[in-house]
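# Notes for the structure review
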Amino acid sequence: MMNKKELPLRTLLTFRNAWVAWLLLAASIAITLLLWQLSIHLVEDRTEARFRTQSLQLKTAIEERLLNHEQVLAGSAGLFAVAGSVSREQWQEYVDKVDIDRYYPGIQGIGYVERIGVRSMADHISSVRAEGVHNYLVTPLGSGPDYYPMVYLEPGTDRNRRALGYDAFSDPIHRRAMEEARDGAKPTVTGKVILIQEEVAEDQASFLMYYPVYQGGDVPELRVERRMMLAGFVFSAFRMNNLLDGIVGLISPFLDVRIYDGDQVSRDTRMYGSNLGSLDNDFSFEMSQTIRHGGRNWLLQTRSTPAFDFLASDPRPPIVLGAGIVISFLLFLSALTLIRSRILAQVGAGRYRAITEGAANVTLVLSGGGEPQYASPSSKDILGFDPERLQELDFESIVHGDDWPQLVAGFEESVGAPGKQMPVIRARIRDADGQWRDMEGTYTAMLNVPGVNGVVLSLRDLTQLKAAQSELHRLAFYDPLTGLANRQLFRDRLNHVVRRSRRSGEPAALMFLDLDGFKRINDTLGHDSGDELLKHVAQWLTGCVREEDSVARLGGDEFVVLLSRISSPDAAGKVAETILRRLCQRIRLNEHEVGITVSIGITMIPHDSEESGTLMKYADLAMYRAKEMGRNTYQFFTPAMNIQAARRLLQQEELATALDGDRFVLHYQPKVDLETERVIGVEAFLRWHHPEKGLVSAQQFIGLAEETGLIVRLGELALRQACIQVQALERAGFESLKMAVNLSVRQLTDSGFLDMVRQVITETGVSPERLELEMPAELLNEDPRMLRDLLVSLHDLGVCLILDDFGTGSCSLVALQQLPLNVIKIDHRFIRDIPYNVSATDVASAVIALARKLHLTVVAEGVETPQQLSFLKAAGCAQCQGNLFSYPLDEDALIGFLIRQYERPLIS
């Protein structure tokens, strides 16, 4: 037999002897080539990802800068809204404080365009020249009737002073933007223009942003009112190169960047070029994006350059190839060495105890062939097996099938490394009661150690430890009521998705959900019912998303959904629609059937932000916007919501301060009986004495009061003042007049509403028969049992119950029969089209006929014309109110009106 030292290399390399080594070499070379190609693709993908990231960051930076400049204009417009009129010195001082050169690069100036009538032109020119602009003149002169010259433009450089007096409205490009800003009450951007203050040799593309200013400071609701109340525009002038060079140089210095006005690529529409135009046909990547701002679309086109490709190059592919070849041959040589090795094994027989055995561990000694030779006494306490009957035990049958291979592999590995303690192996082992126990252990081969002569396996029981760890994990990261992830776990998941989206550019979406009317369910049906509803909602939400998405409960009725990968905002919107459909249903809780809807706010990752806290804030703002839009809907976050939230907070503080300062009063509109042609009652309307805006109607602040909960205090204030006014009318001799007070659904469903009404009636001493409570028709959508109990209690007090806005929304005839209602009011939207709209007259006639069949009194509100009054009398309407008889009056004017109407008939 040939000795291994005498084995020739040629014989060793034959395939018959070294086939494993040759197969290993071939596989290693193949894997090396595969990894080499993979590294090339990874470098290319990383370069493309870097290009796309820079392109997306460039678009975001441009949009943020435009938004910052828009906020400067909003502040300038706010200066006119607060001060009414602004002098040239005040304007100069304001622009100096803004410091546009430092904080707002790219703005050539901030100015004001004033609306001047043709008859006021001479006075206007004289007043401007008196302010120091001696050569001021409005150009070009057209046919009127209004001109829009640039009156202020700061900083007051010679270049900017050249534009004073220029009527931008005469230019069609400017005119289109100014008209859109005026009619839409929002900032608008012009198309590509050349600034009037440019030199002849300077033809740099520019644009202007206009922001409308209206007389009185408030934005009129109707378009025709906006056109009439327009005072002028604040504007900013921008040179594209000055605006964008800093952004491009900072974010994408080695990209060829071009911006076009609109969606057409041409020399005429080019707004900006990054001076890399000579590289038109030498690029690896290209990307086109649309920037939308101020009613204008810009096409942002980015291309890579050779400089960008050079900087993005990577030396790793050749390194992978060279290292792989070297490693392949080293493995080949190692295999040849192992082939030449001879593995010696000795198998001992007999049974011996292990040197040590722990009371808390199970210690086994196995033979070289794997048969159990010895078990420590602790196996009886831990697993329930008698160590004396070890030979009868089938070791493989008590080990979980998925864990048996790794136990065998660990045993074989330990045999190959005598005396060395092997890595820890975990396995599930069935005890004598049939229960699975989680255990971990290590092998130590001691085949040549006298007294052992086997492989020692030491096992430790982890069952109780894992159970405790699992419970601690559940308490720390999961909501105990719904089983969903809690705020802490969700924050970790959100951070992970944000980091991944930042690296890959793959979008994700965050949804903030809030149940509509959950507080009312908690207050009326109890917290147990509320908890039961939250459990159902958690199950429904989980069923609406994929396994890789996350659903969490932040607390109360607030839930969040994280869509870890989403193709586009449209896809996120479809998921939101699925959630709305799933949750929009009625459910029985404690023998009460309640309706449930949800409002959803959505923010996109990483488009809206790359900060977890900011994303949560944006989704919350979008959710509140969804509630403002009528609930049971979803809204995507927009930058304007930030500004709106700040304004809403200021309005909320003003409203609370006004309530504390007793700045609310009631005005009263008479209600006329058409048969006697006399005033039989009045309806109370709440008004706010605002220190700057004057008398503000309830329509402008009642929605905010309902959202913030201040409506409960406002409602009590209005009811108390109305009852005091009833007493005053009685003392003035009008003892039969009734007083109607409007209520909201939020007031009526408040748990303390009924007690509040009783307390006000008792404290003011008013007769309940003189009091009328007007309830919105949407109240009929509430829980029928709760609603009937409330109205029956109010009816028992003796007050008159009126269903307001009848004809809008859904209204059950069964509810009209079963509820103790006295009066219904036809909504003014049906009255205003009488008698010219056939549908309106048919609806009004049908409502009047239905009410008379149900023995209900009908009141028509919003009567404005004699024709409407004539129709309603002919149709059998009992009572009317509206501006035809009288506008809402304060206390003194009401007394005078009532005295005059008793002297002569109100209807002639």
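Residues numbered from 1 in each chain as written. Predicted model: local features only at pLDDT ≥ 70, side-chain atom pairs only at ≥ 80, totals over all residues. Heavy atoms only, no water.

## A closer look at the sheet that holds strand β10 (residues 286–293)
A sheet is described by the order of its strands in space; here four strands give the open sequence β9-β8-β11-β10, paired in antiparallel fashion. Because the sheet does not close on itself, it has two edges, and the strands there are β9 (270–273) and β10. If you compare each strand with its neighbour and ignore which way they point, the axes differ by 20° on average. Note that strand β8 (residues 255–261) and strand β11 (residues 296–304) share seven bridges and pair antiparallel. By the bridge assignment, V257 is partnered in β11 with T302. Packing against the sheet, helix α2 (residues 15–83) makes contact with β8, β10 and β11, and its axis sits at approximately 15° to β10. Taken strand by strand, helix α9 (residues 240–251) contacts β8, β9 and β11, and its axis lies near 40° from that of β9. (Pairing = 2+ DSSP bridges. Helix = DSSP H or I, 4+ residues; strand = E, 2+ residues; numbered from the N terminus. Axes fitted to C-alpha atoms, helices over the stretch in contact; angles between N-to-C directions. Contact = heavy atoms within 4.5 Å.)

## Remarks on the sheet that holds strand β7 (residues 230–239)
The five strands lie next to each other as β4-β1-β7-β6-β5, forming an open sheet whose pairing is antiparallel. The sheet terminates laterally at β4 (150–154) and β5 (188–189), the two strands that pair on one side only. In this structure, β5 lies alongside strand β6 (residues 206–214), joined through two bridges in antiparallel fashion. What sits directly across from T188, in β6, is Y210. Across the sheet, helix α3 (residues 88–98) lies against β1 (107–114), β4 and β7, angled at about 35° from β4, the strand it touches most.

## Digging into a nonpolar patch on the surface
Together, F15, W19, V20, W22, L23 and I339 line one region of the surface with nonpolar side chains, adding up to about 580 Å² of accessible area. Sorting elements by how many residues they give to the nonpolar patch places α2 first, with five residues. Take I339: it is sitting in helix α11 (residues 316–340). (Patch = residues over 30% accessible without salt bridge, like charges linked within 9 Å, V, L, I, M, F, W, Y side chains within 5 Å. Areas by Shrake-Rupley, 256 points an atom, 1.4 Å probe, with all protein chains shown as cover. Salt bridge = Lys/Arg side-chain N within 4 Å of Asp/Glu carboxyl O.)

## Observations regarding the packing of aromatic side chains
Overall, the coordinates contain 19 aromatic pairs when judged by the stated rule. Taken together, the aromatic side chains of F80, W91, Y94, Y112 and Y152 make up a single cluster linked through ring pairs. The ring of F169 has R175 sitting right over it, with the charged end atom 5.6 Å from the ring centre. (Phe/Tyr/Trp six-rings, centres within 6.5 Å; stacked < 30°, edge-to-face > 60°. Lys NZ or Arg CZ within 6 Å of the ring centre and 35° of its normal.)

## Section: helix α19 (residues 612–628)
Between its first and last C-alpha, α19 extends 25 Å over 17 residues, near the 24 Å set by a 1.5 Å rise per residue. Buried within α19 are the following residues: S612, L615, M616, Y618, A619, L621, A622, M623, A626 and K627. Two residues or fewer past α19, G630 is found with a positive phi of approximately 115°. (Expected span 1.5 Å × (residues − 1). Buried < 20%, exposed > 50% of the residue type's maximum accessible area, 1.4 Å probe, protein only.)

## Considerations on α2
Taking 1.5 Å per residue as the helical rise, α2 with its 69 residues ought to reach 102 Å, and the 97 Å between its terminal C-alpha atoms agrees with that figure. The sharpest bend along α2 measures roughly 35° and falls at A21. (Bend = angle between axes of the 7 residues up to and from the residue.)

## Re the environment of L393
Along the chain, the position of L393 falls in the loop between α12 (378–382) and α13 (404–416). Separated by 21 residues in the primary sequence, L393 and P372 have C-alpha atoms spaced 8.9 Å apart. Non-local contacts of L393, meaning those with residues more than four positions away in its chain, are made with F385 and I398.

## A word on unusual backbone geometry
In this chain, E154 is followed by P155 through a cis amide linkage whose omega measures 5°. Looking at the secondary structure, you find P155 in the loop between β4 and α6 (158–161). P606 follows I605 through a cis peptide bond whose omega is 0°. Structurally, the position occupied by P606 is in the loop between β21 (592–605) and α19. For A185, which is not a glycine, the phi torsion comes out positive at approximately 55°. In this fold, A185 is placed in the loop between α7 (172–184) and β5. Non-glycine residue D662 carries a positive phi angle of around 55°.

## Quick notes on the state of the cysteines
Per the stated rule, a full pass over the model turns up zero disulfides. With no disulfide partner, C880 has as its closest neighbouring cysteine sulfur the one in C877, 4.3 Å distant. Judged by relative accessible area, C880 falls into the buried class, the value being 0%. (Disulfide = S-S within 2.5 Å.)

## Let's talk about the nonpolar core
Within the largest apolar cluster, 82 residues are counted, with the highest numbers of intra-cluster contacts made by F664 and L794. In terms of residue count, the dominant contributor to this core is helix α22 (residues 711–731) (nine residues). In terms of nonpolar packing, the next biggest core, distinct from the first, is built from 73 residues, I62, F80, M209 and L300 among them. (Core = buried A, V, L, I, M, F, W, Y, C linked by side-chain atoms within 4.5 Å.)

## Looking at the side chain of K671
Looking at where K671 falls in the secondary structure, it is placed in strand β23 (residues 664–673). Overall, the relative accessible area of 3% leaves K671 in the buried class. Beyond its immediate stretch of four places on either side in the chain, K671 contacts R678, V679, I680, G681, V682, A740, E772, I802, V859, Q879, C880 and Q881.

## Overview of the pattern of salt bridges
Taken as a whole, this structure holds 27 salt bridges when the rule is applied. Close ionic contact of K627 with D514 constitutes a salt bridge, the shortest N to O distance being 3.1 Å. Residue K627 is located in helix α19, and its partner D514 is located in strand β17 (residues 508–516); the two are separated by 113 residues in the primary sequence. For K627, a relative accessible area of 14% translates into the label buried.

## Quick notes on the pairing of strand β19 (residues 558–563)
Taken across its six residues, β19 has five buried, putting it largely inside the fold. With six bridges joining them, β17 and β19 adopt antiparallel strand pairing. For A509, the partnering residue across the bridge sits in β19 and is L563. As paired strands, strand β18 (residues 550–555) and β19 are joined by five bridges and run antiparallel to one another. Looking at the pairing, A552 lines up with V560 of β19.

## As for the environment of R65
Positionally, R65 belongs in helix α2. By relative accessible area, which is 22% here, R65 ends up partly exposed. C-alpha of R65 to C-alpha of L525: the two residues are 460 residues apart in sequence and 51 Å apart in space.

## Some thoughts on the packing of α22 against helix α24 (residues 753–764)
Axis separation between α22 and α24 bottoms out at 10 Å; the angle between their running directions is 30°. Taken together, the axes of α22 and α24 are roughly parallel relative to one another. In the packing of α22 onto α24, the handedness of the crossing is right-handed. Packed against α22, whose contacting residues are E716, L719, R720, C723, I724 and Q727, the element α24 presents M756, V757, V760, E763 and T764 at the interface. (Parallel < 35°, antiparallel > 145°, perpendicular 65-115°, else oblique. Left-handed = near helix turned anticlockwise from the far one by under 90°.)

## Remarks on the pairing of strand β24 (residues 678–690)
With ten bridges joining them, β23 and β24 adopt antiparallel strand pairing. For F664, the partnering residue across the bridge sits in β24 and is W688. Counting the residues between successive antiparallel strands, the hairpin from β23 to β24 contains four residues, one of them, E677, with a positive phi of roughly 55°. Summarising the sheet, β24 and strand β26 (residues 738–742) pair through four bridges and their orientation is parallel. For A684, the partnering residue across the bridge sits in β26 and is V741. Taken together, the four bridges between β24 and strand β25 (residues 694–697) define a ladder with antiparallel strand orientation.

## A few points about the confidence of the model for the protein chain
The pLDDT averaged across the protein chain works out to 83; a share of 90% of its residues lies at or above 70. Mean pLDDT per element in the protein chain: helix α14 (residues 463–477) is the minimum at 60, and β5 is the maximum at 95. Segment residues 1–5 is flagged for pLDDT under 50; beyond a separation of four residues in sequence, or across chains, it makes seven contacts in the model. Counting contacts from residues 342–359, a segment whose pLDDT is below 50, to residues more than four positions away or on other chains yields 30 contacts. (pLDDT = per-residue confidence, 0-100.)

## What about the environment of N361?
Topologically, N361 is positioned in strand β12 (residues 361–366). Put simply, N361 and P377 are 16 residues apart on the chain and 9.6 Å apart in space, counted from C-alpha to C-alpha. Residues within four places of N361 in sequence aside, it is in contact with S376, S378, I382, S458, L459 and R460.

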